[in-house]
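# Commentary on secondary and tertiary structure
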Amino acid sequence: VQLQASGGGLVQPGGSLRLSCAASGSIFSIDAVAWYRQAPGKQRDLVAIIASDGSTNYADSVKGRFTISRDNAKNTGYLQMNSLKPEDTAVYYCNADIRDGRFRLYNYWGQGTLVTVSS
C-alpha cells in the first residue's frame with residue numbers, strides 16, 4: 001500500500017490550493033485520513049482529520065479556511081485550502097489508517113508536498 005500526495009506549490013497570500021492524497025495497492029478499507037504539516041525548524045503538527053464516518057476535526061489555526069474531504073470510491077483524500085497565509089507555508093503530509101486485503105490495519109504516511117505562500 002502506498003500514499004501519494006500531490007497539489008502543493010507556490011501561491012500568493014489569500015489564494016487557494018487543493019491537496020490530494022491517493023492510496024493504492026491491496027486495500028480493503030480506509031479508516032481515518034489526516035493531513036499534517038511541518039514548517040522549517042518546527043515539529044510536525046496535525047492540520048485536519050476525517051474519520052470513516054465523515055466526521056472532521058481541524059487545528060484552530062485553519063478552522064474556517066481549510067476543508068478536509070474524502071472520496072472512498074477513489075481511495076483519495078483531499079485538503080482544500082483557502083485564504084492562505086504566509087504562516088501556512090510548510091511541507092504537508094497525508095496520513096491514513098488502511099486495512100489491507102488481509103484485513104490488517106496499518107498506519108501509512110505519504111511523501112510530503114511543499115506549500116509556499118508568498119507574494
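For the structure itself, consult the block above.
These notes cover the structure that comes with them. (Residues numbered from 1 in each chain as written. Predicted model: local features only at pLDDT ≥ 70, side-chain atom pairs only at ≥ 80, totals over all residues. Heavy atoms only, no water.)

### Considerations on the sheet that holds strand β8 (residues 76–81)
- With antiparallel pairing, the four strands of this open sheet are ordered in space as β1-β3-β8-β7. Pairing within the sheet leaves two strands with one partner each, and these edge strands are β1 (2–6) and β7 (66–71). The mean angle between the axes of side-by-side strands here comes to 15°, regardless of whether they run parallel or antiparallel.
- Strand direction decides the pairing type here: strand β3 (residues 17–24) and β8, joined by six bridges, are antiparallel. Of the residues in β8, the one forming a bridge with A22 is T76. (Pairing = 2+ DSSP bridges. Helix = DSSP H or I, 4+ residues; strand = E, 2+ residues; numbered from the N terminus. Axes fitted to C-alpha atoms, helices over the stretch in contact; angles between N-to-C directions.)

### Observations concerning the packing of aromatic side chains
- Taken as a whole and assessed by the stated rule, the structure comprises four aromatic pairs.
- Aromatic side chains F28 and F103 sit 4.6 Å apart centroid to centroid with 80° between the ring planes, which places their arrangement in the edge-to-face category. Of this pair, F28 sits in strand β4 (residues 27–38) while F103 sits in the loop between β9 (90–100) and β10 (105–109), and the two are 75 residues apart along the sequence.
- It is R44 that lies over the ring of Y93; its NZ or CZ is 3.6 Å from the centre.
- Geometry around W109 places R44 over its ring, the cationic atom sitting 4.7 Å from the centre. (Phe/Tyr/Trp six-rings, centres within 6.5 Å; stacked < 30°, edge-to-face > 60°. Lys NZ or Arg CZ within 6 Å of the ring centre and 35° of its normal.)

### Thoughts on empty space enclosed by the protein
- Inspection of every chain in the model, using the stated rule, returns one cavity of 30 Å³ or more.
- As for the largest cavity, its lining consists of L3, C21, A23, I30, V33, R70, D71, N72, N75, T76, G77 and A96.
- Elements with a contribution of two residues or more to the lining of the largest cavity: β3, β4, β7 and β8.
- Here the lining of the largest cavity is composed, by residue class, of six nonpolar, four polar and two charged. (1 Å grid on protein atoms, 1.4 Å probe; cavity = no way out; pocket = protein on both sides within 12 Å on 5 of 7 lines; lining within 4 Å. Points joined across faces, edges and corners; volume = space filled by probe spheres on them. Nonpolar A, V, L, I, M, F, W, Y, C, P; charged D, E, K, R; others polar.)

### What about the side chain of N95?
- Locating N95 in the fold gives a position in strand β9.
- A distance of 2.8 Å separates a polar atom in the side chain of N95 from a polar atom in the side chain of N107.
- What N95 contacts, discounting residues up to four positions off in sequence, is L3, A32, V33, A34, Y36, N107, Y108 and W109. (Polar contact = N/O pair within 3.5 Å; in protein donor to acceptor, adjacent residues only side chain to side chain. Contact = heavy atoms within 4.5 Å.)

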